[in-house]
Amino acid sequence: MKRFILAAIVALVGLVSCEKELADAIVGTWEATSVEMTVEGVKLEIDVEEAGLEMSFTFNSNGTASVTEKADGESFTESFDYYVEDGMLYLTAEAETEGLPIEIDGKHMTMIFDGEMLDEPGAKVKIHFIRK
């Protein structure tokens, strides 16, 4: 029984440690580099710079963040709160919270949007970022 309790404690500490590492790893400014889209079985890859677009997220250590998007000479910035849990990034703005899977590997991050979030059943979008 003691071994089971010890194993459970070690597993829990490991999970908390991984979550804290992911939460710490996201802090900073991330610039979009490319977008992969799959809609109705058709895959499209877009180089953000070549398309004349800009998108960056800034995540602060206090749980606040902002996103800035630029296209066609116009700029848009929105602020929101966030937290990371179970490999998901949860964004809260205007009393609505959306969760999306993220992957962070050093200076590279990927956000994954599914069709439900995009109001496009079956669609999938991956946005690749690099830390500035």
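Before going into details, it helps to say that this report is about the structure given with it. (Residues numbered from 1 in each chain as written. Predicted model: local features only at pLDDT ≥ 70, side-chain atom pairs only at ≥ 80, totals over all residues. Heavy atoms only, no water.)

## Describing the pattern of salt bridges
If charged atoms from side chains of opposite charge come close, those side chains can pair. One pass over the structure, following the stated rule, counts two salt bridges. With its nearest N and O atoms 3.6 Å apart, the salt bridge here joins Lys132 to Glu31. Pair noted here: Lys132 is in the segment after strand E9 (124–131) and Glu31 is in strand E1 (residues 28–39), with a separation of 101 residues, a long-range link. Between Glu36 and Lys43 there is a salt bridge, and its shortest N-O distance comes to 3.5 Å. (Salt bridge = Lys/Arg side-chain N within 4 Å of Asp/Glu carboxyl O. Helix = DSSP H or I, 4+ residues; strand = E, 2+ residues; numbered from the N terminus.)

## Focus: the side chain of Thr110
If you trace the backbone, Thr110 turns up in strand E8 (residues 108–114). Here His128 takes part through its side chain, which lies 3.2 Å from a polar atom of the side chain of Thr110. Setting aside residues up to four positions removed in sequence, Thr110 forms contacts with Pro101, Ile102, Glu103, Lys126, Ile127 and His128. (Polar contact = N/O pair within 3.5 Å; in protein donor to acceptor, adjacent residues only side chain to side chain. Contact = heavy atoms within 4.5 Å.)

## Re the packing of aromatic side chains
Counted by the stated rule, this structure contains six aromatic pairs. Arranged with centres 6.1 Å apart and planes meeting at 70°, the rings of Phe57 and Phe80 form a pair that is edge-to-face. On the criterion of sequence distance, the pair formed by Phe57 in strand E3 (residues 54–59) and Phe80 in strand E5 (residues 74–85) is long-range, its members being 23 residues apart. Phe57 gets classed as buried once you look at its relative accessible area, which sits at 7%. Of the aromatic side chains, those joined through ring pairs into one cluster are Phe57, Phe59, Phe80, Tyr82 and Phe129. (Phe/Tyr/Trp six-rings, centres within 6.5 Å; stacked < 30°, edge-to-face > 60°. Buried < 20%, exposed > 50% of the residue type's maximum accessible area, 1.4 Å probe, protein only.)

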